[in-house]
Amino acid sequence: MISGCKEHDRKAQEQLYLYFYDSMMNLCMRYTKSETDAEHVLHDGFLRVFKNIHQFDSSKGSLYTWIYKIVMNCCLSHIKTKQKTPVNNEVEEAEEVYISPEIDNKLNEQEILGLIRDLPEATQAVFNLFIIDGYGHKEIAQLLGISEGTSKWHLNEGRRRLKNLLLQNSKQ
């Protein structure tokens, strides 16, 4: 499949796209506000994959990891272009927001991801990068072109807003 993609074989490209579609679309959905935006970012990512497939080196990592990194970079580029005004709020130490397990247990994964998508774009990005993808504040700051304090503020703000959204949903 990889060698076919390197030779610009459309069938091989289609196979690769279909094989990784679900996992990469889920990634894009976490970092965008709409399915349309997610599809746009996904297609941009796969265009980059096909354009640069000759650079893939299996000795440095798996194909999944290589594609994931490309699509993640497309997600981050999308966020940067969508940001209208940078938030200058900063915190050094963020207070942990407690969410009751009873509230958390009432929602399924898709419902929680839907609530995360309701966060403001920059807050959503920081929340995903920190909580789901395991990046540290220093890395997030570099990826998004913000300060570490602003990254911490967005994480705290995301937790606070999610807690409120979860509480609202638990009352329904």
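It should be noted that the structure appears before, not after, this text.
Residues numbered from 1 in each chain as written. Predicted model: local features only at pLDDT ≥ 70, side-chain atom pairs only at ≥ 80, totals over all residues. Heavy atoms only, no water.

(A) View of the packing of aromatic side chains. Across all of its chains, the model carries seven aromatic pairs by this definition. Their ring planes at 55 degrees and their centres at 5.6 Å tell us that tyrosine 17 and tyrosine 21 sit as a pair that is tilted. Residue tyrosine 17 and its partner tyrosine 21 are both found in helix α2 (residues 10–31); the two are separated by four residues, about one turn of the helix. Overall, tyrosine 21 belongs to the partly exposed group, its relative accessible area being 25%. Feature note: the residues Tyr17, Tyr21, Phe46 and Phe50 constitute an aromatic cluster, connected by ring pairs. (Phe/Tyr/Trp six-rings, centres within 6.5 Å; stacked < 30°, edge-to-face > 60°. Helix = DSSP H or I, 4+ residues; strand = E, 2+ residues; numbered from the N terminus. Buried < 20%, exposed > 50% of the residue type's maximum accessible area, 1.4 Å probe, protein only.)

(B) Spatial organisation of the state of the cysteines. For the coordinates displayed, the defined rule picks out zero disulfides. Cysteine 75 provides the cysteine sulfur closest to cysteine 28, a residue in no disulfide bond, and the two sulfurs are 4.0 Å apart. Accessibility expressed as a relative area gives 0% for cysteine 28, which makes it buried. (Disulfide = S-S within 2.5 Å.)

(C) Structural context of the side chain of glutamate 157. Examined against the element boundaries, glutamate 157 turns out to sit in helix α9 (residues 148–171). A polar contact of 2.8 Å, which involves the side chain of glutamate 157, links it to the side chain of arginine 161. (Polar contact = N/O pair within 3.5 Å; in protein donor to acceptor, adjacent residues only side chain to side chain.)

(D) Structural context of the environment of glutamate 148. Inspection of the secondary structure assignment puts glutamate 148 in helix α9. Considered as a pair, glutamate 148 and histidine 137 are 11 residues apart in the sequence and their alpha carbons are 5.4 Å apart.

(E) Layout of the packing of α2 against helix α7 (residues 121–132). Put simply, α2 and α7 touch, their axes get as near as 8 Å, and they point 130 degrees apart. With respect to their mutual orientation, α2 and α7 come out oblique. Two secondary-structure elements touch here, α2 through Met29, Arg30 and Tyr31 and α7 through Glu121, Gln124, Ala125, Asn128, Leu129 and Ile132. When its residues are assigned to classes, the contact of α2 with α7 shows five nonpolar, two polar and two charged. (Axes fitted to C-alpha atoms, helices over the stretch in contact; angles between N-to-C directions. Parallel < 35°, antiparallel > 145°, perpendicular 65-115°, else oblique. Contact = heavy atoms within 4.5 Å. Nonpolar A, V, L, I, M, F, W, Y, C, P; charged D, E, K, R; others polar.)

(F) Local environment of the nonpolar core. Of all hydrophobic cores here, the largest spans 40 residues; its most connected members are Met24, Val49 and Ile67. Those elements that provide at least two residues to this core are α2, α3 (35–52), α4 (63–82), α6 (109–117), α7, α8 (137–144) and α9. Sort the elements by how many residues they give to this core and α4 lands first, with 11 residues. (Core = buried A, V, L, I, M, F, W, Y, C linked by side-chain atoms within 4.5 Å.)

(G) Main features of the packing of α6 against α7. As a packed pair, α6 and α7 sit with axes 9 Å apart at the nearest point and diverge in direction by 135 degrees. In terms of orientation, α6 and α7 fall into the oblique class. Of the residues in α7, those touching α6 at Leu113, Ile116 and Arg117 are Gln124, Phe127, Asn128 and Ile132.

(H) Looking closely at the environment of isoleucine 2. Structurally, isoleucine 2 can be placed in helix α1 (residues 2–6). We classify isoleucine 2 as partly exposed; its relative accessible area is 26%. Once the C-alpha coordinates of isoleucine 2 and phenylalanine 56 are considered, the two residues, 54 residues apart in sequence, prove to be 8.9 Å apart.

(I) A look at the pattern of salt bridges. What the rule picks out here adds up to four salt bridges. Residue arginine 48 pairs with aspartate 44 through a salt bridge whose shortest N-O separation is 3.3 Å. Of the two residues, arginine 48 and aspartate 44 both sit in helix α3, four residues apart, roughly one turn of that helix. Note on arginine 48: relative accessible area 31%, which makes it partly exposed. Classification of aspartate 44 as partly exposed rests on a relative accessible area of 27%. Among the salt bridges present, the one from glutamate 157 reaches arginine 161, with a minimum N-O distance of 2.8 Å. Of this pair, glutamate 157 and arginine 161 both sit in helix α9, four residues apart, which is roughly one turn of that helix. Given the relative accessible area of 10%, glutamate 157 is considered buried. Look at arginine 161 and you get partly exposed, because its relative accessible area is 33%. Ionic contacts of the salt-bridge type, sharing partners, join the residues Glu157, Arg160 and Arg161 into one network. (Salt bridge = Lys/Arg side-chain N within 4 Å of Asp/Glu carboxyl O.)

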